[in-house]
Structure formats: structure tokens, C-alpha cells
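# Observations on the model geometry
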There are 2 protein chains.
Amino acid sequence: MSSEPQGAPAAPFADCPVPITRPEEILLGHGSGGKLTSQLIERVFLPAFRNPLLEALDDQAIFPLGESRVAFTTDSYVVTPIFFPGGDIGELAVNGTINDLAVGGAAPLFLSLAFILEEGLPIEDLRRIVASARRAAEQAGVRIVTGDTKVVGRGSGDKIFINTSGIGVVAPGHDLSSRRVSAGDAILLSGPIGDHGVAILSCREGLAFEGAIQSDTAALHTLTGAMLAAFPGIHAMRDPTRGGVAATLVEIATRRRLGIEVDERAIPVRDAVRGACEIFGLDPLLVANEGKLIAFVPEEGADRVLGAMRAHPLGREAACIGRVSEDHPGIVLLRTPIGGDRVLDLPFGESLPRIC
Amino acid sequence: MSSEPQGAPAAPFADCPVPITRPEEILLGHGSGGKLTSQLIERVFLPAFRNPLLEALDDQAIFPLGESRVAFTTDSYVVTPIFFPGGDIGELAVNGTINDLAVGGAAPLFLSLAFILEEGLPIEDLRRIVASARRAAEQAGVRIVTGDTKVVGRGSGDKIFINTSGIGVVAPGHDLSSRRVSAGDAILLSGPIGDHGVAILSCREGLAFEGAIQSDTAALHTLTGAMLAAFPGIHAMRDPTRGGVAATLVEIATRRRLGIEVDERAIPVRDAVRGACEIFGLDPLLVANEGKLIAFVPEEGADRVLGAMRAHPLGREAACIGRVSEDHPGIVLLRTPIGGDRVLDLPFGESLPRIC
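What this report covers is the structure whose coordinates are included nearby.

Conventions and cut-offs
- Residues numbered from 1 in each chain as written.
- Chains lettered and ligands numbered in written order.
- Predicted model: local features only at pLDDT ≥ 70, side-chain atom pairs only at ≥ 80, totals over all residues.
- Heavy atoms only, no water.
- Contact = heavy atoms within 4.5 Å.
- Buried area = accessible area lost by both parts, 1.4 Å probe.
- Salt bridge = Lys/Arg side-chain N within 4 Å of Asp/Glu carboxyl O.
- Helix = DSSP H or I, 4+ residues; strand = E, 2+ residues; numbered from the N terminus.
- Least-squares fit on C-alpha atoms with pLDDT ≥ 70 in both.
- Axes fitted to C-alpha atoms, helices over the stretch in contact; angles between N-to-C directions.
- Parallel < 35°, antiparallel > 145°, perpendicular 65-115°, else oblique.
- Left-handed = near helix turned anticlockwise from the far one by under 90°.
- Pairing = 2+ DSSP bridges.
- Buried < 20%, exposed > 50% of the residue type's maximum accessible area, 1.4 Å probe, protein only.
- Phe/Tyr/Trp six-rings, centres within 6.5 Å; stacked < 30°, edge-to-face > 60°.
- Expected span 1.5 Å × (residues − 1).
- Bend = angle between axes of the 7 residues up to and from the residue.
- Nonpolar A, V, L, I, M, F, W, Y, C, P; charged D, E, K, R; others polar.
- Polar contact = N/O pair within 3.5 Å; in protein donor to acceptor, adjacent residues only side chain to side chain.
- Disulfide = S-S within 2.5 Å.

## A look at the interface of chain A and chain B
Often, the extent of an interface is quoted as the loss of accessible area on bringing the components together. Contacts between the two partners involve 80 residues from chain A and, on the opposite side, 80 residues from chain B. A buried area of about 6,700 Å², summed over both sides, lies between chain A and chain B, and 67% of it is on carbon and sulfur atoms. Linking chain A with chain B are six salt bridges, by the criterion used here. Residues Lys 150 of chain A and Asp 75 of chain B are paired through a salt bridge, measuring 3.1 Å at the closest nitrogen-oxygen approach. Put simply, the parts of the chain that give the side of chain A that touches chain B at least two residues each are helix 1 (35-48), helix 2 (52-55), strand 1 (61-65), strand 2 (68-77), strand 5 (106-118), helix 4 (123-140), strand 6 (143-152) and strand 7 (160-170) of chain A.

See below:
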């Protein structure tokens, strides 16, 4: 790493004081959505693939193709277990990639579906997953148009991994990117957080409240469509998956060199999720969601967007949770219920591996 | 499988007489490109995702988007070892997806790159692979615009799996699909076969001729461009990867219910590859290629296309290897060097797992 510019201003976490304990190997934490993930992106991927589309680090690339503006995204799903309360890896893979298109302001149109199967996977499990992916695609009105299947030997995979890539089209007048987030923006959250991560974790641990907490996996494109119809000038949207709401806010504050202030009491969390987080020792802000979004909206449009969210089944409990400011650039400040402020930070490594 | 229409005429291998020994589990052979792969596609994937784009079972889907015709493809790469004579998994993943676009007559434009990393992968290996993928993309003039990284624990993956999806544009006047293959078409092969599979296998086995045989991994889009410029009416192209030339020919003969006649002596095979295949007990026709293509060309354009292939560095040893006919539908007949004919068939299961 000696060639790395130390503390380069545009690179979040490059000046992270925590030493990498075994820097020469991939750790589980590199997949966490936390600091190690950011380091890997900053130090390995971005230097290799420098181009404006990739450097935006949005959930999707948007580029012109003929007369259209096309959005393109990819995600691999390695969640374990593959069946969990509220969904399975097939549905998750379809909804997750739809959401990465939707939060770019795109209408999702076409998906690819690529399987890496481990020898020994029951074909009945594969059928269930395929059926679930199909249902999710049908419900969302997107078409699965191309695919691939690879098989690896026992112990070289884990049952099933799915990659879904997606293509959508961005309507004229929509221009969403984390680059547009500005001081004064209202931060809107579409609903209660932490359901997906807690559902997965309680399923893994076999805990009794298992059935009570379900993954929130859902396709958000009709919600984003309603929001953009209400106010086309939304600056940016993100779906807070790995690393939760915290990862989204910290990444944007760091990368945009803006301050973010969030009122913790304004963030909806179901009681069951809050209770489970206490048992597991987790902060709900760090737990993955699969059917929620965060929008950064100029002040003048915030009420209209919030109204549109609350009128949509997937946004009924939407809330304004904070503001972007010019103060304390790079810092997310959380106003706690007891009145004090704390700095919201990301864990260095991994709290919940293979959550999506 | 009781709901499956037995011997349904449009489903190749549905009437395969060989019993599946353990039908309830995924076997390595399901990823071979042979009969088990076809069965999995016919029995699990196609019934779930019936739509005209997917049912064509070409290497890419082609659909209108605005004024453009867009090609979209996906492939996961699980090759082992990840570094091999002539290339590595990064270069292979980029070239392979470029080729899936190119054989659809598309100019490749944008790629996604999604990694599934196993905990413990040396970061230096990841850097090499990323650098190699970047070089391949630069050489081909395509842009890697979006990506994803997941990490799985030790023993839940195998070093690194890569998914690349790709987007290209098909120029007006080009219409390539296996559906257009017709009796009378000349079958053109772009060069000597079997290099990739033999390079991988000799590397795995640590054999002495390892250095002499290199993977043929290459991006074929400038070759396909030259071929289409010479004769835009090419019916179909395929790159014979898993399952080799045999899988491509048998699939098209079976699916299109046409006969194919191939002259074995016309098929170029390097001496070193032929020798290695004898040692391994392999038929070069069944061995994977990563920089070759097969074109189905109406008689009147065959000479022009063959001339364009031979004028291109990646097609210097191109040859016409056979014809499509109306006789013996569904059968690929191979004229052997000693003058007799044999029916070219696919293995049921797996001869070379994880070749790409």
C-alpha cells in the first residue's frame, strides 16, 4: 500500500486509523458494507477501473444508448439460509436488482439470472427458488431474458449463489445520483428498518421470535415511480442493504464531504426488531434492509415526496429522519432520544456475514 | 417429473434413454454443457421463464430499447485454476461475455463485473485478476461500468467466482439467431479447437506440455464485425465453450430439427492438443474453446465470410467444416478420416468440470 496517497481527501476511510490485521487476504469483513468494503473498493477496484460511471459509486450506472438513458446494475446474492422468513434467495435476487435500478430513477425492464449451484443441491430447492424468482419478476412486470448455470463441486460453493443483472430506462427529466446530494436536502426513509437482517439472523439462530419478524424483501420501483411523479427533482435515492441505513448515510456524507444530521427518534423500528437487536447486540441502523429506501430531496419537494410515499403501500410509515448540512463535513451526527449527539460510524469488519 | 410431457417433440434429450441416477440432486454434470445441462434447462428453467427471448436459447437476448436493438448476456466464471497458461479468470470473464454479445451480431459496449470472493483469497491474486480484466476490457474497447463484491467464508466458495453481464448494440440489418439456421448453410469454424480445455486440464494435472498449450481466450467482436461486414446475412454464430464444438452442433441440430454433416478432417486441431487429448482420452470436439466461433452462413455468402475470417488475426486458420441439411433431422453426422460416418453425441455428464 506504500504507493497509496495517505489521507487522500477524496477517498473515504483511506485515512482510517484502524490497522488491517491481515491485509494480504480477503476477510469476511470485506463483504460487510463497512470500512473494509470501502477500502477494497478504493484500493483495488476503483484504481483499476477509473471511469466516471463507476466512480459515482451509485447502485447503478446510467449512460446514453441511442435516444434512451439506460440504467445497468449487477448484484450477486449469497444469503444464507437460502429460505428465510418472508422470502428466499430467488425473490431477493430479483427484488434487489430491481431496487438498484429503481433508486436510480429507472423503470426496470430486463433481468439476467445466473446460478452457481453446489453439487448436491436438491433439485426441488432449485425449483422453489426458480419459481419464487419468476413470481417476483412477474409481480414487478420485468422480464428475465437471459441466464446461465454453473455447477461447482461439494465444498466449493454453498448450495446456490445467484447473480442478477438488470437493465432499465430513465425517463427524461430524472437525474438521480449521490453526486447531487446537497446541503439542505431532507432525508426521507420509506419505513421501519432492520427487518431483513433480523429475520435472517433469527432464522440462523433458530430463535423463537423467528416467525414474528419477516424479511422486508420487496420491489420498490412503483414506490420510486410515485415519488418521482410527485417531485421529479429528487437528488438521490439509495436502498440501505448491507451495512444498513448507517452505511448509506456515512458513505454519502464522506464521499460528498457534507454533514448529515439525523434524529434517531424519527427512525421507525418495529418493536420486535428493536427487541431482537437488543438480544443480538446490534444497532438497527447497521442492519440490512431489502425493501426500504432513503431519498435525498430538496427542501421544496420534501413534503410532496413524503406524501407520495405515505400514500403507497410500501411507504406508509415513511418519515423525514434528518437533513444534509454544510456543517461537520463527512460526519453523520445522530441526535439520540436522550438529547445528546453521537457520531454515527461504521464497524470496521463484519457483524452479519452473507445477509444478502 | 411426472407432470413433464414425456418425449415432447421440441425438447431435446427429454427422451434421452439414459436414466438420471440421482435425479433429486444437482450433479457436476448439470454444469457440463452436455445432456444433463440440457435437461436442467428444459425441465427447470424454461418452464419457469417461458418467453420468446429466453426460449431462443441463444447466447444473448436481443430486444428493442428505444430506437436501438440491444443485446444482453450474462455468464458466471468458476474456472479452476484461476490462473492458467494463456490467461486467468479475469480476462476469461471479460472476453467470454464480449463473445456472447459478438456472436449475436452485437457491438459490445458495457460490462458489469461481480465478484464472489472466498475468505482467505490473497489480495494480490485479486489485484492481478482485476488488472487482467481491465486490460481485456481496454483492449476490446468496452467499459466496465458497474460492479459488486460479496465475500463468503472459507469452504463456502473457491477462491473467486466472477459474473460478467454485458450490453451491446446490434446494427440495423443484422439478425442472428440459431432460429435462422437453415438447410444448405455452410458451417464455418474460426480456428483450431480444444486449446482452452486442454490448457486448463494440463495445468490441473501438472503435465509437462503445460507451457506448450495455452488457452485461446480472446475477444471475438472484431472478427464477427469483419464477417458481418463481408456478408450481413449470416444466419447465426456461436462460440463453442462448454461441451465444445460438439455441444454447439448437437444443440442446433436437435433444436432446429435439422441434420448436420461435418467432415472431421476439415476441423483444425493443433498437434499438441491432439496429442494431449489422446493422453487424457478426450475427443477434441468435446473440449471447451474460449476464442473460437462457429458461423452458419447461407451458401451464397460462405466464401466471402470465410475470406474475411482468414484475413483476420483470430481467423487465419478458419475452415468450412460442414453443411446443414434436411436429411437425418436432429442428427450430427461426422465423416471420419477413414471414410465412415459416426453420429456425434454428447456425453451424459461431466468430462471436464469447471472449465470456464
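## A look at the relation of the copies chain A and chain B
For the pair chain A and chain B, the superposition axis carries a translation of 0.0 Å, the fit reaches an RMSD of 0.0 Å, and the rotation angle comes to 180°. Read as a symmetry element, the transformation amounts to a two-fold axis. When C-alpha positions in chain A are compared against the rotation axis, the closest is assigned to Gly 157 of chain A, at 2.1 Å.

## Considerations on the packing of helix 5 (residues 195-205) of chain B against helix 8 (residues 271-280) of chain B
All names here are of chain B. Two elements in contact, helix 5 and helix 8, have axes whose closest approach is 10 Å; the angle formed by their N-to-C orientations is 55°. With respect to helix 8, the element helix 5 is oriented oblique. Crossing hand, helix 5 versus helix 8: left-handed. Residues Asp 195, Val 198, Leu 201, Ser 202 and Glu 205 of helix 5 lie in contact with helix 8, whose contacting residues are Val 273, Ala 276, Cys 277 and Phe 280.

## Things to note about the sheet that holds strand 1 (residues 61-65) of chain B
Residues and elements named next belong to chain B. Pairing is mixed in the open sheet, where five strands are placed in the order 1-2-7-5-6. At either margin of the open sheet sits one strand with a lone partner, and together these are strand 1 and strand 6 (143-152). Here the average twist between neighbouring strands, direction ignored, is 20°. Note: strand 5 (residues 106-118) against strand 6, nine bridges, orientation parallel. Counterpart to Ala 114 in the pairing with strand 6 is Asp 148.

## Some words on the pattern of salt bridges
Applying the stated rule across the entire model yields 42 salt bridges over all chains. Here Asp 345 of chain A ties to Lys 35 of chain A by a salt bridge, and the two come within 3.1 Å at their closest N and O atoms. Here Lys 35 of chain A lies in helix 1 and Asp 345 of chain A lies in the segment after strand 14 (341-343), a separation of 310 residues in the sequence. On the accessibility criterion, Asp 345 of chain A (42% relative accessible area) is partly exposed. Ionic pairing is found between Asp 158 of chain B and Arg 354 of chain B, a salt bridge with its closest N-O pair at 2.9 Å. Of this pair, Asp 158 of chain B sits in the loop between strand 6 and strand 7 (160-170) while Arg 354 of chain B sits in the segment after strand 14 (341-344), placing them 196 residues apart in sequence. Accessibility assignment for this pair places Asp 158 of chain B and Arg 354 of chain B in one class, buried. Salt bridges here are not isolated pairs; linked through shared partners, they connect Glu 42, Asp 58, Arg 238, Glu 251 and Arg 255 of chain A.

## Quick notes on the packing of aromatic side chains
The way to describe two aromatic rings as a pair is by their centre distance and the angle between their planes. Across all of its chains, the model carries six aromatic pairs over all chains by this definition. Judged by centre distance (3.7 Å) and plane angle (20°), the ring pair of Phe 110 of chain A and Phe 63 of chain B falls under stacked. Of this pair, Phe 110 of chain A sits in strand 5 while Phe 63 of chain B sits in strand 1, on two different chains. An identical accessibility class is assigned to Phe 110 of chain A and Phe 63 of chain B; each is buried.

## So, the sheet that holds strand 14 of chain B
Residue and element names in this part refer to chain B. Taking strand neighbours across the sheet as the criterion, the seven strands line up as 9-11-8-12-10-13-14 in an open arrangement whose pairing is mixed. Strand pairing shows two members of the sheet lacking a second neighbour, strand 9 (236-238) and strand 14, which therefore form its edges. The average angle at which neighbouring strand axes cross in this sheet is 25°, direction not considered. Of the strand pairs in this sheet, strand 8 (residues 186-189) and strand 12 (residues 319-325) are connected by four bridges, and their pairing is antiparallel. The residue bridging Leu 188 from the neighbouring strand is Cys 320, located in strand 12. On top of the sheet, helix 7 (residues 244-256) reaches strand 8, strand 9, strand 10 (259-263), strand 11 (294-297), strand 13 (332-335) and strand 14; it is set at about 35° to strand 11, its chief contact.

## A few points about helix 1 of chain A
All names here are of chain A. Between its first and last C-alpha, helix 1 extends 19 Å over 14 residues, near the 20 Å set by a 1.5 Å rise per residue. Helix geometry: helix 1 is bent most strongly at Ile 41, by close to 35°. Most of helix 1 sits out of view: 12 of its 14 residues are buried. Where helix 1 is concerned, the buried positions are Lys 35, Leu 36, Thr 37, Ser 38, Gln 39, Leu 40, Glu 42, Arg 43, Val 44, Phe 45, Leu 46 and Ala 48.

## Quick look at the environment of Leu 249 of chain B
All names here are of chain B. For Leu 249, the location among the structural elements is in helix 7. Classification of Leu 249 by relative accessible area gives buried; the value is 0%. It is 9.5 Å that separates the C-alpha atoms of Leu 249 and Arg 238, two residues lying 11 residues apart in sequence. Once residues lying within four places of it in the same chain are set aside, the contact partners of Leu 249 are Ile 187, Ile 260, Val 262, Ile 294, Phe 296 and Val 332.

## Focus on the packing of helix 6 (residues 221-230) of chain A against helix 9 (residues 299-310) of chain A
Residue and element names in this part refer to chain A. Between helix 6 and helix 9, the shortest axis-to-axis distance is 8 Å and the interhelical angle comes to 145°. Here helix 6 and helix 9 pass one another in a crossing that is right-handed. On helix 9, the residues touching Leu 223, Ala 226, Met 227 and Ala 230 of helix 6 are Arg 304, Val 305, Ala 308 and Met 309. Taken together, the residues of the contact of helix 6 with helix 9 break down into seven nonpolar, no polar and one charged.

## So, helix 3 (residues 89-102) of chain A
Residue and element names in this part refer to chain A. Between its first and last C-alpha, helix 3 extends 19 Å over 14 residues, near the 20 Å set by a 1.5 Å rise per residue. Across the 14 residues that make up helix 3, a large majority, 13, are buried. Taking the backbone nitrogen of Gly 90 as reference, a side-chain oxygen 2.8 Å away marks Asp 88 as the first, capping residue of helix 3.

## Things to note about the environment of Leu 54 of chain B
With respect to the helices and strands, Leu 54 of chain B occurs in helix 2 (residues 52-55). Classification of Leu 54 of chain B by relative accessible area gives buried; the value is 12%. Not counting residues up to four positions away in its chain, the partners in contact with Leu 54 of chain B are Ile 144, Val 145, Thr 146 and Gly 147 of chain A together with Leu 46 and Phe 49 of chain B.

## Some words on the state of the cysteines
All names here are of chain A. Tallying each qualifying case throughout the model produces zero disulfides over all chains. With no disulfide of its own, Cys 203 has Cys 356 as its nearest cysteine by sulfur position, at a separation of 16 Å. Cysteine Cys 277 remains unbridged, with the sulfur of Cys 203 as its closest cysteine sulfur at 16 Å. Owing to a relative accessible area of 1%, Cys 277 belongs among the buried residues under this scheme.

## Observations regarding the environment of Arg 256 of chain B
All names here are of chain B. You can see Arg 256 is positioned in helix 7. Linking Arg 256 and Leu 344, residues 88 residues apart in sequence, is a C-alpha distance of 16 Å. Arg 256 has contacts with Ser 178, Arg 179, Arg 180 and Val 181, leaving out every residue within four places of it along the chain. At 3.2 Å, the side chain of Arg 256 forms a polar contact with the backbone oxygen of Ser 178.

## Overview of the pairing of strand 11 (residues 294-297) of chain A
All names here are of chain A. Burial along strand 11 is two-sided: Ile 294 and Phe 296 facing one way and Ala 295 and Val 297 facing the other are all buried. Relative to strand 11, strand 8 (residues 186-189) runs antiparallel, the two being bridged by four bridges. Among the inter-strand pairings, Ile 187 is bridged to a residue of strand 11, identified as Phe 296. Where strand 9 (residues 236-238) meets strand 11, three bridges bridge the pair, whose relative direction is antiparallel. Considered in strand 11, the bridge of Arg 238 is made with Ile 294.

Such coordinate-based values are descriptive only and should not be taken to indicate function.
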